[in-house]
Amino acid sequence: MKTLQELEEIRKRTLETMNLRKESEGTRIVVGMATCGIAAGARPVLLKIMEEVEKRNLSGVTVAQTGCIGLCQLEPIVEVYKPGQEKVTYVKMTPEAAARVVAEHIVNDQVVLEQTVGRFQV
Amino acid sequence: MEEISLHVLDVVQNSLNAGAALIHIEVDEQEQADTLTVRVADDGSGMPPEFVAKVTDPFVTTRTTRKVGLGLPLFMQGAKAADGDFSIQSEVGKGTRLCATYRRSHIDRQPVGDMAGTVQTLVLCNPDTDFVYTRRFNDRSFTLDTRELRRALGSEVPLNAPEVQAWIRDYLIEGEKGLLEVSDR
């Protein structure tokens with residue numbers, strides 16, 4: 001059974017690693033979560049990203065949501081902002097593609113080209 | 001939308017856009033009364049009566065990208081299709097309360113779906129907003145109150161820290177399971 005005591009242990013552990021994190025500016029992963037995004041399956045995509053970030057113990061990565069980006073037909077949409085790099089917009093995302101983006105783009109700096117908006121929009 | 005939990009995720013965005021600091025979410029299933037009730041209440045900016053009156057019209061929205069807003073109309077449609085009802089009460093400066101009811105056994109009643117996923121998503125994406133989520137099944141219930149978590153975590157550790165997220169997910173899944181096990185007997 002999950003208890004609040006566990007949270008206090010998590011607090012201690014997190015505080016120890018947090019100072020390291022502040023030094024580098026972080027990566028932001030933003031998921032479109034308006035009606036269109038949610039209906040297209042944004043929630044499992046977002047939760048998969050979070051799961052991968054946690055599993056890989058990535059520090060300095062924040063996952064956030066935004067409203068309608070204006071390309072509802074291409075939802076679920078995920079935008080990746082890496083410090084010092086141009087924004088990358090991924091479209092028609094799935095949990096599987098989300099796991100790939102974390103492994104290839106966030107960790108290894110290789111943009112997953114075939115999932116980007118440029119490949120879908122003429 | 002395939003699940004009630006997705007409607008909840010969607011309408012809570014309205015609460016967040018209204019600047020809510022505390023949002024209550026409740027999903028209540030009663031087998032004897034054959035009802036399923038979903039309530040969302042926030043302390044956001046509220047809406048004036050003339051806006052409340054037309055807010056379930058798909059051609060009314062506060063979004064700026066387009067002239068249609070389908071969040072509330074779709075939620076309402078789901079409830080009405082299952083012999084239920086849908087109501088919104090709001091007061092400017094006080095907040096908004098929304099209530100959707102369903103006849104639980106109705107063939108067209110949408111599944112509740114992954115409420116744990118919805119609540120986890122909301123907390124993850126809005127670590128500075130407080131959520132009180134209550135799930136009831138007959139006389140059993142469990143609650144996740146982010147204000148309690150915040151007290152345990154202190155001010156330095158945010159609710160969207162990965163390890164905290166994992167705890168929240170497990171807590172929600174365990175809680176839901178506990179309710180359903182009782183109902184199987």
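To keep things clear, this report deals only with the structure shown in the data block. (Residues numbered from 1 in each chain as written. Chains lettered and ligands numbered in written order. Predicted model: local features only at pLDDT ≥ 70, side-chain atom pairs only at ≥ 80, totals over all residues. Heavy atoms only, no water.)

Comments concerning the overall build of chain B
Move 1: Across its full length, chain B carries six helices and six strands.
Move 2: The N-to-C order of helical and strand elements in chain B reads α-β-β-α-α-β-β-α-β-β-α-α.
Move 3: The C-alpha radius of gyration computed for chain B amounts to 17 Å, which stays within 12% of the reference 16 Å derived for 185 residues, consistent with globular compactness.
Move 4: Principal-axis analysis of the C-alpha atoms places the extent of chain B at approximately 45 × 40 × 25 Å. (Helix = DSSP H or I, 4+ residues; strand = E, 2+ residues; numbered from the N terminus. Rg over C-alpha atoms; globule rule 2.2 N^0.38 Å.)

Some details on the pattern of salt bridges
Move 1: One pass over the structure, following the stated rule, counts 24 salt bridges over all chains.
Move 2: Linking K2(A) and E6(A) is a salt bridge whose minimum nitrogen-to-oxygen distance equals 3.3 Å.
Move 3: Linked through salt bridges whose partners overlap, the residues forming this network are K2(A), E6(A), E54(A), R169(B) and D170(B). (Salt bridge = Lys/Arg side-chain N within 4 Å of Asp/Glu carboxyl O.)

Let's talk about the packing of aromatic side chains
Residues and elements named next belong to chain B.
Move 1: Applying the stated criterion across every chain, the model contains four aromatic pairs over all chains.
Move 2: Summarising the aromatic geometry, the rings of Y133 and F142 are spaced 6.0 Å apart at their centres and angled 90° between planes, so their arrangement reads as edge-to-face. Each member of the pair, Y133 together with F142, is buried.
Move 3: Measuring from centroid to centroid gives 5.1 Å for W167 and Y171, while their planes differ by 15°, and the two rings are stacked. One end of the pair is W167 and the other is Y171, both in helix α6 (residues 162-184) and four residues apart, which spans about a single turn. Neither W167 nor Y171 differs from the other in exposure class; each is buried.
Move 4: Through pairs of rings, three or more aromatic residues link up here, namely Y133, F142, W167 and Y171. (Phe/Tyr/Trp six-rings, centres within 6.5 Å; stacked < 30°, edge-to-face > 60°. Buried < 20%, exposed > 50% of the residue type's maximum accessible area, 1.4 Å probe, protein only.)

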